[in-house]
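Each chain, letter by letter, is given below.
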Amino acid sequence: MEFLMDPSIWVGLLTLIVLEIVLGIDNVVFIAILADKLPPKKRDRARVVGLSLALIMRLGLLSLISWIVTLTRPLFHLGDFSFSGRDLILLLGGIFLLFKATTELHERLENKEHDSSAGRGYASFWAVVVQIVILDAVFSLDAVITAVGMVNNLPVMMTAVVIAMAIMLLASRSLTRFVNRHQTVVVLCFSFLLMIGLSLIAEGFGFHIPKGYLYAAIGFSILIEMFNQIARRNFIKNQSAKPMRERTAEAIMRLMGGRAQSETGEDDSAQAFKQAHFADEERHMITGVLSLASRTLRSVMTPRNEITWLDCQRPVEELRATLMETPHNMFPVCNGELDQLIGIVRAKDLMAAVDNGEQVKAYAAANPAIVVPETLDVLKLLEELRRAKGSMVMVSNEFGVVQGLVTPLDVLEAIAGEFPDEDETPEIEVHEDGWLAKGSTDLHALQQALDTQALARGRDNVASLAGLLLSQCDQMPVEGDVLTLDEWRFTIRQMVEYRIEQVWIERLAPRHGEDEEE
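Residues numbered from 1 in each chain as written. Predicted model: local features only at pLDDT ≥ 70, side-chain atom pairs only at ≥ 80, totals over all residues. Heavy atoms only, no water.

**A look at the overall build of the protein chain**
On a plain count of helices and strands, the protein chain comes out with 21 helices and 14 strands. In the protein chain, which comprises 518 residues, the share counted as buried stands at 40%. (Helix = DSSP H or I, 4+ residues; strand = E, 2+ residues; numbered from the N terminus. Buried < 20%, exposed > 50% of the residue type's maximum accessible area, 1.4 Å probe, protein only.)

**Some thoughts on the confidence of the model for the protein chain**
Low pLDDT means the predicted atomic positions in that stretch should not be read closely. For the protein chain, mean pLDDT is 75; residues scoring 70 or higher make up 70% of the total. This model gives residues 114-121 a pLDDT under 50, and the stretch forms 11 contacts once residues within four places in sequence are excluded. (pLDDT = per-residue confidence, 0-100. Contact = heavy atoms within 4.5 Å.)

**With respect to a nonpolar patch on the surface**
The grouping of Phe220, Ile222, Leu223, Ile224, Met226, Phe227 and Ile230 at the surface amounts to a nonpolar patch, some 650 Å² of accessible area in total. With respect to the helices and strands, the residue Ile224 is situated in helix H8 (residues 211-240). The class for Ile224 is partly exposed, based on a relative accessible area of 41%. (Patch = residues over 30% accessible without salt bridge, like charges linked within 9 Å, V, L, I, M, F, W, Y side chains within 5 Å. Areas by Shrake-Rupley, 256 points an atom, 1.4 Å probe, with all protein chains shown as cover. Salt bridge = Lys/Arg side-chain N within 4 Å of Asp/Glu carboxyl O.)

**Thoughts on the pairing of strand E7 (residues 370-373)**
Side chains Ile370 and Val372 project from E7 onto a buried face, and the interleaved Val371 and Pro373 project onto a face without burial. Relative to strand E8 (residues 393-396), E7 runs parallel, the two being bridged by 4 bridges. What sits directly across from Val371, in E8, is Met394. Following the backbone out of E7, through helix H17 (residues 378-387) and into the adjacent parallel E8, one traces a crossover that is right-handed. (Pairing = 2+ DSSP bridges. Right-handed = clockwise from strand over helix to strand, strands pointing away.)

**With respect to the packing of helix H14 (residues 316-325) against helix H15 (residues 347-355)**
Interhelical geometry of H14 versus H15 gives an angle of 155° and a closest axis separation of 11 Å. The angle between H14 and H15 places the two elements in the roughly antiparallel class. As H14 packs across H15, the resulting crossing turns out to be left-handed. Along the contact surface, H14 presents Val316, Arg320, Leu323 and Met324, while H15 presents Ala347, Leu350, Met351, Val354 and Asp355. (Axes fitted to C-alpha atoms, helices over the stretch in contact; angles between N-to-C directions. Parallel < 35°, antiparallel > 145°, perpendicular 65-115°, else oblique. Left-handed = near helix turned anticlockwise from the far one by under 90°.)

**Here's the deal with the environment of Glu384**
Within the fold, Glu384 resides in helix H17. In sequence terms Glu384 and Val371 are 13 residues apart; their C-alpha atoms lie 9.1 Å from each other. Those residues within four positions of Glu384 in sequence are excluded, and the remaining contacts are Ile370, Val372, Leu376 and Val393.

**Here we look at the sheet that holds strand E9 (residues 402-406)**
The 4 strands are arranged E3-E9-E8-E7 in an open sheet whose pairing can be described as mixed. Since the sheet does not close on itself, it has two edges, and those belong to strand E3 (302-303) and E7, each with one partner. Here H17 sits on the sheet and contacts E7, E8 and E9; the angle it forms with E7, its principal contact strand, is near 170°.

**Re the pairing of strand E11 (residues 434-438)**
With 5 of 5 residues buried, E11 lies mostly within the body of the structure. Of the two faces of E11, the one holding Gly434, Leu436 and Lys438 and the one holding Trp435 and Ala437 are both buried throughout. As paired elements, strand E10 (residues 428-431) and E11 share 4 bridges and run antiparallel to each other. For His431, the partnering residue across the bridge sits in E11 and is Gly434. Of the strand pairs in this sheet, E11 and strand E14 (residues 499-507) are connected by 4 bridges, and their pairing is antiparallel. Each residue of the ladder has a partner; that of Ala437, found in E14, is Val503.

**Some remarks on the pattern of salt bridges**
What the rule picks out here adds up to 9 salt bridges. Between Arg314 and Glu318 there is a salt bridge; the shortest N-O distance is 3.9 Å. Here Glu318 falls in the partly exposed class, since its relative accessible area comes to 38%. Arg320 serves as the salt-bridge partner of Asp355, at 3.0 Å between the closest nitrogen and oxygen. With Asp355 in helix H15 and Arg320 in helix H14, the pair connects residues that are 35 residues apart, well separated along the chain. One salt-bridge network, held together by shared partners, links Asp311, Arg314 and Glu318.

**A look at the packing of aromatic side chains**
Applying the stated criterion across every chain yields a total of 5 aromatic pairs. Taking 6.3 Å as the distance between ring centres and 65° as the angle between the ring planes, the aromatic pair formed by Phe81 and Phe207 counts as edge-to-face. A residue pair is termed long-range when its members are at least 10 positions apart, and Phe81 in strand E2 (residues 81-84) and Phe207 in the loop between helix H7 (183-204) and H8 qualify at 126 residues. Among the aromatic residues, ring-to-ring pairing joins Phe76, Phe81, Phe83, Phe205 and Phe207 into one connected group. (Phe/Tyr/Trp six-rings, centres within 6.5 Å; stacked < 30°, edge-to-face > 60°.)

**Focus: the nonpolar core**
One broad rule of soluble globular proteins: the nonpolar side chains tend to lie buried together. Ranked by internal contacts, the top residues of the largest apolar core, which has 22 residues, are Leu446, Leu455, Leu465, Phe490 and Ile505. For this core, the secondary structure elements donating two or more residues are E11, helix H19 (443-450), helix H20 (465-471), strand E12 (482-485), strand E13 (488-496) and E14. The residues touching Leu446, leaving out its near neighbours within four places in the chain, are Ile428, Ala437, Thr441, Leu455, Leu465 and Ile505. Leu292, Ile370, Ala388 and Val393 belong to the second-largest nonpolar core, a separate cluster that totals 17 residues. (Core = buried A, V, L, I, M, F, W, Y, C linked by side-chain atoms within 4.5 Å.)

**A word on the sheet that holds strand E6 (residues 341-346)**
Strand order in this open sheet of 3 strands is E4-E5-E6, and the pairing throughout is mixed. The outermost strands of the open sheet, each flanked by one partner alone, are strand E4 (310-311) and E6. In the packing of H15 onto the sheet, contacts are made with E4, strand E5 (330-334) and E6, and the angle to E6 comes to roughly 100°.

**Let's talk about unusual backbone geometry**
For Asp486, which is not glycine, the phi torsion reads 55° and is therefore positive. Mapped onto the elements, Asp486 comes out in the loop between E12 and E13. On the basis of relative accessibility, which here comes to 49%, the residue Asp486 falls in the partly exposed class. If you check the backbone angles, Glu497 has positive phi at about 55° while not being a glycine. Note on placement: Glu497 falls in the loop between E13 and E14. In this structure Glu497 comes out as exposed when scored by relative accessible area, which is 73%.

**Let's talk about the packing of helix H3 (residues 85-109) against H7**
Running from N to C, H3 and H7 point in directions that differ by 155°, and their axes come no closer than 7 Å. Judged by the angle between their axes, H3 and H7 are roughly antiparallel. Two packed elements cross with a definite hand, and for H3 against H7 that hand is left-handed. A breakdown of the residues in the contact of H3 with H7 according to their chemical character gives 16 nonpolar, 6 polar and 5 charged. (Nonpolar A, V, L, I, M, F, W, Y, C, P; charged D, E, K, R; others polar.)

As C-alpha cells, then:
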C-alpha cells in the first residue's frame, strides 16, 4: 500500500483521468453521431454498448502495450543508438501523439466541426455497433499511448481509464457540452499531448525525462487556465449585467474603429481595415443612432434661450415682421411669456389666417402644443413627434417652466450632425491648430468632431460644452480662463453675461509613453 502514499501517483492518476476524458470526447461524439442513425429508443443502448466496448478495448490494448514496453533487449543498432521493442513502441507512439495533437489543434484553430447531418436514415442496431467497434479501435490508440507516456504503473493506468470511461458513460452529453463551451481547455489538453509525444520520442532515443517535470508543467498550465476561466466567467457575468442594447452598441462601435479602438490597444492595421470599410460620415451616423437611447432630452432639444416664439399680445404687423425675418416655418404662440403656451402654428398658415381676419390667439388655440417632461426617454420622444405629425414638441420641467423644444430635425441632427439654419453659424469651426465651438454645442456632437469618447463618459447630467466646463469650475468663469480635461485644453473666448458663448479647444501633446499606446 506504500504506492498509495506517493503524491506523484495521485498527480499522475488525476492528470491521466483528465487527458483520457478529453481524448475520449471524439469517441463519444462519433458514437453519438452513429447512434443518431438508430431509432430513438435504441440510441441510449447503443451509446452504452459503444462506450463499454471502448473500455474493454482500451484495457486490452493497455495490457498488450504495457507488456511490449517491458521488452528492453536491443533489436538493432543505428549509429550510437540501440533500439529495443520498447523503444520502437515509444517512438511510434510519440510520433502518433504528435500527429494526433497537431491535426486536432489545427482542426480546432480552424474552427472546423464534425458533420453530424449526414446519413439521417435509420440503420440496423448491429451495423451501428460494428462501426462503433471499429471507431473504438482507432480512438483507443491515442488514449492508451498517452497513458503509457504519463505513468509507468499499469494498475494506475487501468484505474484512470476505467474512471474516465465511467465518467463519460454517465455524463457523455454534459461532457460534450462542456467541451463545446470551453475550447481553450481542449486546446490546452492537446498541447499536453504534444509535450507527452516529445517525451516519448526522447525516451525512445534513450533520453529519460523525469515524470515530475511533466507533472509540474501540466499543473502550472492548469492553474493558469483556471485563472483564465475565472476571468472569462467574471467578464461574461459583468457583461450580462449590461442591457443587451448597450452591449450591442459597444460591439458595433468597436467594429467601426476610430479613436475608441486606439484606446483599447488595437493595432493600426486592424484600425485601418475597419476604417476602410466605414467612412467617417457612416461611423458618425451609426454612433449617433446607437448612442441615441443613452442621451438625455436636454442634449437633443433646442434650449429655451434659442427659441423664437410669437406673443399673441403683440401687433399683427410686428408678428408678421418676425415671421419674415426668421427662417423657421413653425413657431410656438404664447400669451405674454414663453411659459404661457397657447399652441403651435405654421408661418404661412398663420399669415393666411390673419389675412382672413382671424385672431392669432384663437387660431393658435386650435392647434395646442404637445408638452413632454424633460426626463422623457429620447426613444419615447419619437412617439410624441409622430403624434405631433411632424410639428414640434415642447419640453417642460416639473414646475411647468419651458426648457426647450424638439423637432424631427433636432433628432436628425443628433444622429447625422448639425444642419445650420440660414441665420446660424456652425456650432464647431475646424482650424489647423484647434477647434472653435459654441458653448451650447451638444456634448455628443463635440465628441464626434474631436474623435473622442472620453468627454461624456460618466457625465450623464451634462448636455453641452458649457455645462461640461461649468461642472469643472468652482466659480463662474471669465473670459481667458483655461481648463484642462484629460488630453484637451479649453480656453473661454467669449462670455455673454453669465453664459459661455465661445470656447477654443486644443489637443494637448500626449505625454511620454502614451503616444505608443495610442
